[in-house]
Structures are given as C-alpha cells and as structure tokens.
Amino acid sequence: MRNDFSQNLRLLCSYYRSIAEVCRRMGVNRAQFNKYLSGDTQPSRYTLNRICEFFGVETREILMPHEQFAQFVRVRSAPGAGAATERPYRAVVEQLTQESKGHAEKYLGFYFEYHYSMTFQDHIIRSLLHIESDGDGYYFQRFERMRYPDREEWYKSRYRGMLFFSPSASS
C-alpha cells in the first residue's frame, strides 16, 4: 500500500509543471512532500485529506493499487471528462468578482425571502437568506423549510452560492 500511494502521488504530480509548483500551491513543505513521493513516510490523516482535496480525489482512490489508480486517472482526465480542462466560465466569474468588489457591502446580513414553491404548486415558501463577504467576493446561503402538504414531515433545504453585483442594476 505504501508503494502504491507514492506511485499514485507521483502520477498526480505529473499533471503539473513541477513538484515545487504542487508544494507551493498546496502550502506544504517540499522536503516532507519528497518523503511521501519516495515512499519513506506516510502523511498524517489530516495531510492525506489535504492532498486528496488538492488533487480532487478521494482517500480510498489514492490508496488504490497503482495500475487501477492509473486507469482511473486516465479515464477521469480524458478529453471531455472535464477534470483537466479549463472551465470556460472561470474568466467570467473572475471578471464579475472584480467588478462586484465594494458594491454589495450595504446588502450584507440576513433577509427573509418569499417565493412560490417550485416543488409544491400554490405554496409560498419563506426562506432565510444570509449574504456575507470574505473580502474577495460575496456569497449567500439560503435556508428553506416547508411542511409537506397533508403530512407532518418537513421539507428542508440549504442553497449556497456566489453573489455578483450587476452594474446595470445600480442605475
């Protein structure tokens, strides 16, 4: 298993320009990371989770036998699979984020929203909306709770997303 992990880690790193780039982007010590690559040591559970999150794989996947993992990665990063390609909307999101900076500060906080339910016709849902900022962008969380018609059960949901300020809306 130890050898499989180090081989799998080397395979994932091969999709980047260098090991130094991977370490820099992950924020891990290069010397320690080299020990993982050589198979000398195993990362802690916390570090293993960070590595898996960075590469977009599950813990059970990175611990697979190397041949199986290599096939898995080839299928996942094949053209059309979407893993290795740049998302076409990334530049648009970055532009909207930059244009929104400083424009939605006055809207931060909690709000109630009322709207017709898409799930239950003729029912109105009241949801709690929370708008917040991390300094770089604006985000929202929406919490909904509604009782199923003719039942005692509750329908609960939570939505998370990004919020962009539209300059044309301000005029």
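What counts as what
Residues numbered from 1 in each chain as written. Predicted model: local features only at pLDDT ≥ 70, side-chain atom pairs only at ≥ 80, totals over all residues. Heavy atoms only, no water. Helix = DSSP H or I, 4+ residues; strand = E, 2+ residues; numbered from the N terminus. Buried < 20%, exposed > 50% of the residue type's maximum accessible area, 1.4 Å probe, protein only. Contact = heavy atoms within 4.5 Å. Core = buried A, V, L, I, M, F, W, Y, C linked by side-chain atoms within 4.5 Å. Pairing = 2+ DSSP bridges. Axes fitted to C-alpha atoms, helices over the stretch in contact; angles between N-to-C directions.

Asks: Describe the side chain of His 130, listing the residues and the values that go with them.
Replies: With respect to the element layout, His 130 can be found in strand S2 (residues 124-133). Classification of His 130 as buried rests on a relative accessible area of 17%. Apart from residues lying up to four places away in sequence, His 130 is in contact with Gly 109, Phe 110, Tyr 139, Phe 140 and Gln 141.

Asks: Summarise the nonpolar core; cite the residues concerned and give the values.
Replies: Counting residues in hydrophobic clusters, the biggest one holds 20 residues, and the most contacted among them are Leu 9, Phe 33, Ile 51, Phe 55 and Ile 62. Counting only elements with at least two residues in this core, the list comes to helix H1 (2-13), helix H2 (19-26), helix H3 (30-38), helix H4 (45-55) and helix H6 (66-76). Other than its neighbours up to four places away in sequence, Ile 51 contacts Leu 9, Met 26, Phe 33, Tyr 36, Pro 43 and Ile 62.

Asks: Break down the sheet that holds strand S4 (residues 154-163) for me, citing the residues and quoting the values.
Replies: Pairing is antiparallel in the open sheet, where 4 strands are placed in the order S1-S2-S3-S4. Edge positions in the sheet fall to strand S1 (109-116) and S4, since each has one partner strand and no second. Neighbouring strand axes in the sheet, compared pairwise and without regard to direction, differ in orientation by 20° on average. Summarising the sheet, S2 and strand S3 (residues 138-147) pair through 7 bridges and their orientation is antiparallel. By the bridge assignment, Glu 132 is partnered in S3 with Tyr 139.

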